Every structure is written in C-alpha cells, then in structure tokens.
Amino acid sequence: MKQVLQDMSSGVTCCVTSPTPNPSAGKIVLNSTISLISAGTERMLVDFGKANLLDKARSQPDKVKMVLEKVKTDGLMTTLEAVQSKLAQPLPLGYCNVGIVHSIGKGVDGFKEGDRVVSNGPHADVVRVPKNLCSLIPDNVSDEEASFTVIASIGLQGIRLAEPTLGEAFVVTGVGLIGLLTVQLLRAQGCRVLAIDFDEAKLALARQFGAETCNPGKGEDPVAVGMTFSRGKGVDGVIITASTKSNEPVTQAARMSRKRGRIILVGVTGLELNRSDFYEKELTFQVSCSYGPGRYDKEYEEVGKDYPYAFVRWTQQRNFEAILDMMSMGQLDVKSLITHRFDFDDAPKAYELLTSDKAALGILLEYNSDVSVRHDKTIDLVSDVNNYNPIKPVMGFVGAGNYASRVLIPAFKSEGAQLHTIATSGGVNGVTHGGKAGFAKATTDTSMMIANPEINTIAIVTQHNTHAKFVCEALAAGKNVFVEKPLAITLGELEEVELTYRSKASVSSAPKLMVGFNRRFSPQIQKMKELLSFVKEPKTFLMTMNAGAIPASHWTQDNEVGGGRIIGEACHFIDLMRFLAGSEIVSVQCRRMGNADGIDITEDKAVITLSFADGSFGTIHYLANGAASFPKERVEVFTAGRVLQLDNFRKLKAFGWPGFSKMNLWKQDKGQRECAKCFLNSIEQGIEPPIPVEEIFEVARVSIEIATMLRAQK
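This one's a predicted model, so the numbers in the text were calculated from it and none came from an experiment.

A.B. asks: What is the right way to look at the sheet that holds strand S4 (residues 91-92) in this model?
C.D. replies: Pairing between sheet strands relies on hydrogen bonds along the backbone, with the strands arranged either parallel or antiparallel. Taking strand neighbours across the sheet as the criterion, the three strands line up as S2-S1-S4 in an open arrangement whose pairing is antiparallel. The two strands at the open ends of the sheet, each matched to only one other strand, are strand S2 (13-17) and S4.

A.B. asks: Got a minute to help me understand the domain arrangement of the protein chain in this structure?
C.D. replies: When the parts come together, some accessible area is lost, and that loss is often what is quoted as the size of the interface. Segmenting the protein chain into domains produces domain 1 (2-136 + 334-368), domain 2 (153-287), domain 3 (378-512) and domain 4 (519-712). Listed by partner, the interface residues are 15 residues for domain 1 and 16 residues for domain 3. When domain 1 packs against domain 3, close to 1200 Å² is buried across both sides, 53% of that on carbon and sulfur atoms. Secondary structure elements with two or more residues in the side of domain 1 that touches domain 3: strand S1 (2-6) and helix H4 (76-87). Its residues assigned to classes, the side of domain 1 that touches domain 3 shows six nonpolar, seven polar and two charged.

A.B. asks: What should I look at first to understand the environment of Phe 198 in this one?
C.D. replies: Mapped onto the elements of the fold, Phe 198 is located in the loop between strand S10 (192-196) and helix H8 (200-208). What makes Phe 198 exposed here is its relative accessible area of 64%. Phe 198 sits 315 residues away from Leu 513 along the chain, and the two C-alpha atoms are 64 Å apart. Excluding residues within four positions of it along the chain, Phe 198 makes contact with Asn 215, Pro 216 and Gly 217.

A.B. asks: Can you help me understand the sheet that holds S10 in this one?
C.D. replies: Read from one edge of the open sheet, six strands run S11-S10-S9-S12-S13-S14, paired in parallel fashion. Each end of this open sheet is capped by a strand with a single partner; those strands are strand S11 (212-214) and strand S14 (284-287). Neighbour-to-neighbour, the strand axes of the sheet open up by a mean angle of 20°, direction not taken into account. This element, helix H6 (residues 149-162), spans strand S9 (169-173), strand S12 (235-240), strand S13 (257-265) and S14 of the sheet and lies at about 150° to S13. Seen against the sheet, H8 touches S10 and S11 and runs at an angle of roughly 160° to S11.

The rules behind each value
- Residues numbered from 1 in each chain as written.
- Predicted model: local features only at pLDDT ≥ 70, side-chain atom pairs only at ≥ 80, totals over all residues.
- Heavy atoms only, no water.
- Pairing = 2+ DSSP bridges.
- Helix = DSSP H or I, 4+ residues; strand = E, 2+ residues; numbered from the N terminus.
- Domains from an automatic or database assignment.
- Contact = heavy atoms within 4.5 Å.
- Buried area = accessible area lost by both parts, 1.4 Å probe.
- Nonpolar A, V, L, I, M, F, W, Y, C, P; charged D, E, K, R; others polar.
- Buried < 20%, exposed > 50% of the residue type's maximum accessible area, 1.4 Å probe, protein only.
- Axes fitted to C-alpha atoms, helices over the stretch in contact; angles between N-to-C directions.

Here's what the structure looks like:
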C-alpha cells in the first residue's frame, strides 16, 4: 500500500510504500477510490512542517514551556533528542476518504465486503478505520461527492451547537471548504446567511448558494454589514470557520450579534476576548469539536461502543449519515467546490498546489492502481539484503512506537545487532522507522516474522496486553526474546510464559529471555552496586517516581490493555531495588491514595514497601500528582552510616563514602544501550542472560500482586 506522510521536521510531503494493515477487531480495511484534501487543516500542517524551528516554537508556546521544564529535569541533550525525535515522526495526512470494503475485523456488523464506504481514513490506497468512523454511501451519491462527507460534518456539528431555527439570521465567517458547506447547511435549515471572506471568488460561490456577502478586503465593515443584514437587530448566530491568528473574527462576531446570540468557533482564531462584548449581551461562545459526539472518545472510536440513540441523537457517525442523506436528496452541492483532481501517485504535486494557490478548494486524489498490488504484507526496505551471520543476533522487532523508534532500536543498532525485519500492525510506522534504522524488511505479518528461520532473536515493544502472547510465540519458535516491560499483566499470562520458557530450558540451544529493565545497567546504578557490594549489613532504600499525571482514559491505565502503571512502569523500580539489594523479596506491603468524593482514583499514586531475605527493606513512592519541575526519578540508599542519592540518572551524590563523593553526567543515561549490549553479548557468547530468569519471574509476579492488592483498597 501507499500513503501520504508529512515530515514535520523538514516540511517534505511524500508518498511511501508500506505493508498493508491487518483487519483488527472493530475495524474495517478499505481499498480507497477517492480522498479529499482538507484545504484548511492540511495547508496549516504543511506550512507548520516547512517552518523553521524558531517559528515552530513561536506557534506552540505551551509546548515550549514543557520543553523548558524537561531541560531542567532531564538535561539539554536528552531534551533535544526527544524534541528532534518528536518532529521526526511523520504525520499521516488526510481524513476524508472513500473506499470499498476489502476485509472486516472481528466485532464489526452493518458492513460487508464490497460496500462503498466513507470514512475519516488518511490519504492511502488502503486504510484501516474503526467501524464508528465509517458510513455506507447511498447508491445515487458518487464517490467524488461522498468524499466531502467528513469535512461537511465538521460544519454540521457547529450548526448543531448553534441550534438555528427557521428564519434566523446567521453569519459564516471564512468561506473555505467548511464555510461554503456550512452556508448550504444553514440555508437548508431555512436560515438567512451572510458570508464574510477576503476572497471574492469564494464569496461568489457563497452567493451561488444563496448567501449575502461581505468582503472586508474591499473596505466593507463586517459589523456594519452584519447589523444591516439583521435589519438592525443583531444576528442570531455566527459560525466562525476561518483559520487565522487574529482575534478580529470573534470580536466582530460579538459586536454584530443580538443579545443572547450564539457564537460557535469551528475554525482557528485568536482568543483574546473583550469581556464587555460578551457580558453586556450575555452571548454564548462555544468551540465545536470536529465531527461531533464521540470524537476523541476511545470507547467510541477504538472500542466501538456507540452512544444510545435516544440520548445522543447525533454522533459523528450519524452526522456522516445525515450529510450523505442530504447529498442523496440533492440538497448539498459539492461538485461546484471541486477545483483540482490529481492521481494519487502525484499527491506531492497536489500539496505544492495547496501551499502555493490559496484559492484552491476541493482537491481530490484519485486511486487508480490495481487493487491486487496494494496488499503486500511484507516489503523490502533495502535493495540488497545482508548475508546475516547466524552465530550473532539477527533481530526481528515487533512494534515501532515512540520508545522503540527513539530509544530501543537505536540502542540495539549501536551495539551491533543485525536488524532483519520490523513488524507493526498498521505498516507505516514500520517502514518509517525501519527504513531509518536499516532493517531489511517491514511486515504486518508478525507470526511470519517470528517463524522466519533467518531470525534468531525477537524484540517485543508493543502494548502491554500483547507481551505475554508474543513472548510465548517467540519462545515456542526457539527464538531469543527481549521484551520491554512488563513481561505479563496477569498471573495467568505469567504462568503461561514460565511454562513455555521451562519447556525449552532443557534443550541444548535453549532460547534466552530478557526483560528491558534498563535502569540496573545505567552507569550510576552500576557504581552504586559496586559500592554497596562491600557493605555486608542490611540496606534501606527510598525510591521516588514523580511519574506525572496520565489521563485515566490512557491505554496504560486500562487494566485490560496496559495493566495499569504499577505493572507497566513501577516494575522498573521493583526490579531496581531487587538488583541493589541482591536478595530475594520476601514480603510486600502497599497503599494507594484513597477515593475522593466518590471519584475512583487510579493506582498511580501509591506507596510500596518491599522486604528482602537479607534484612534489607525499601519504599517506592510512585506518585502521579507531583510537579514536573521536580526530579522525575530519585534513588536513595542508607546503610552503614553512609548515603547514596541519585537524581534523574544524571547526578549521583555520596555522603560518608571514603574516596567517593559524586558522579555527574552531562547527559542522562538510563542504561538502555548497556542493557542491549549485555543481552546481545549473552547470545553471541552463549552465556547466561544479564538478568537471571528467576529474578525476571520474581519481579513480574511481585508487580502483579502489588497491583492486585492496590485495586482491592478503597
């Protein structure tokens, strides 16, 4: 398959080839026929990508603040690497797609193979979309017309919030694609409409659709024209579909509105408001969210749970259906809005036009390639495939998310791993990051990759609920396994992993199992371990994770998907304390923050106390309610009249240690590269993995037991 991506660091728009995505649960795979470029949104994204770093920063002051806070805690170099990595993540463009159903995932009903469907899929010849973001196209609506459905739904949602009634006077400020569609929708509601824009050609279209017009570029005063249009009473409502940094559209809207008028912001404007403009008239101002209820709701979009029809009449999917019905009845003219057509392979030329011709409106991409050539599950990323040395690690990666692409893959590559194939569910991330790292192939067929005899080592960096499954599959295939924490999220999964591992352990060429507990490999932790090795008495540990807040809706907080933050992240420090103690964990106590006013507080604010067989004990404070400016991770050890204190894996201080006072680093080092190196060496040299497997199972079991105990508390 091919897809259009925007490089946010260089500003280059390109069309890349990647493996076709799998039809996962609750989703539909479509063969695209037409897609519409959103002139406003996509032009803004492309312009942002082309801007220099300073201009990018100026346009996102909130992100600059976050960067400065990260510099204080993590250091300049670590922060720069994180920013550069973020900007290097290519962004899929497009959200107005029409296609034919190719395959259907589990749990999808109401659709069948061969159906014509509109969706919010990106510009790609094959797209995979959640079922609640798709709608069937009526027979008498063409693909070209249907491609305007999603963008028209944005205007429709703004209208629904404004609640116009027959005969009311409404203003539409900014008549690009969304604005011109909004004009038509308001006219269909029986409203009188005034369109405001600086582009006379767009205003001519608005007049064609029945609106009166105002062009400030010709010296016309929008407020005066609006008052005249409303017969001196003030307009009933204003829908702002413009994209500008100016505050003027909102200010003008307030001044031309009647008392208790409604102002809906669909586009993007400055928001420095004059209180008196709104106070004296008791105006209503509301920002509209995309296509309607359900947008950005994971349960609706990803899980597929619909809102009850009787209580939420208009969801985003139902808005799609309403727009398609209007097209079917001939009440919405979109053909007049089509200004350009491009073959999909010429998409970069379409984006050149988009940025150079501000008058362009409906730019269509046509998908004319043979459907049969779009569905390769595996593609070559390099022309000459390496001759791999089977004695050394030959790696396949499962997952190419932010941590995998920014940290783990570069760590393994720098330590000499032979990178063979990268597998992802969607395909595009695998191509993007696999190509940069030097993988030979990218695939969406993970089982095929694991079974490949050329590959002897599998790294698993996916969502946590898939870890145990992939570990068992890889171990059963006789592969060495490196899995990013956690190893498993339930005791049942852990038992299955143990059974699979032990069934292979007696074989002469038994596979090695490693979990990515990298912190024990950091240079400062290694120094602490060295110092503590000369102390024969018990030790006391204080570890603080200033983890930062993550919404309860985030996948890591979902016990079924991420396993919660204790299993998914605090396990790092459970392992770290186990490593520094050098002794078996014999008992556990824990307490989480209690519920407040009936609100169930997630388990990410908790205290964990571990006791060890040698008499040592320690407390882990895992807290998501602290300040970002405070060190994110702090490790303190008290023993034999001495103290060690490590902040953020940058500054290590020693108190009372003869001959040692500090060990500071210019750059944060959490041990990822050394962790990868030690694992690769164990494979190449045929020695035991750097973390004893019994410790891996012990930490996994303790982490799950702690999470279970915390969830039972009130």
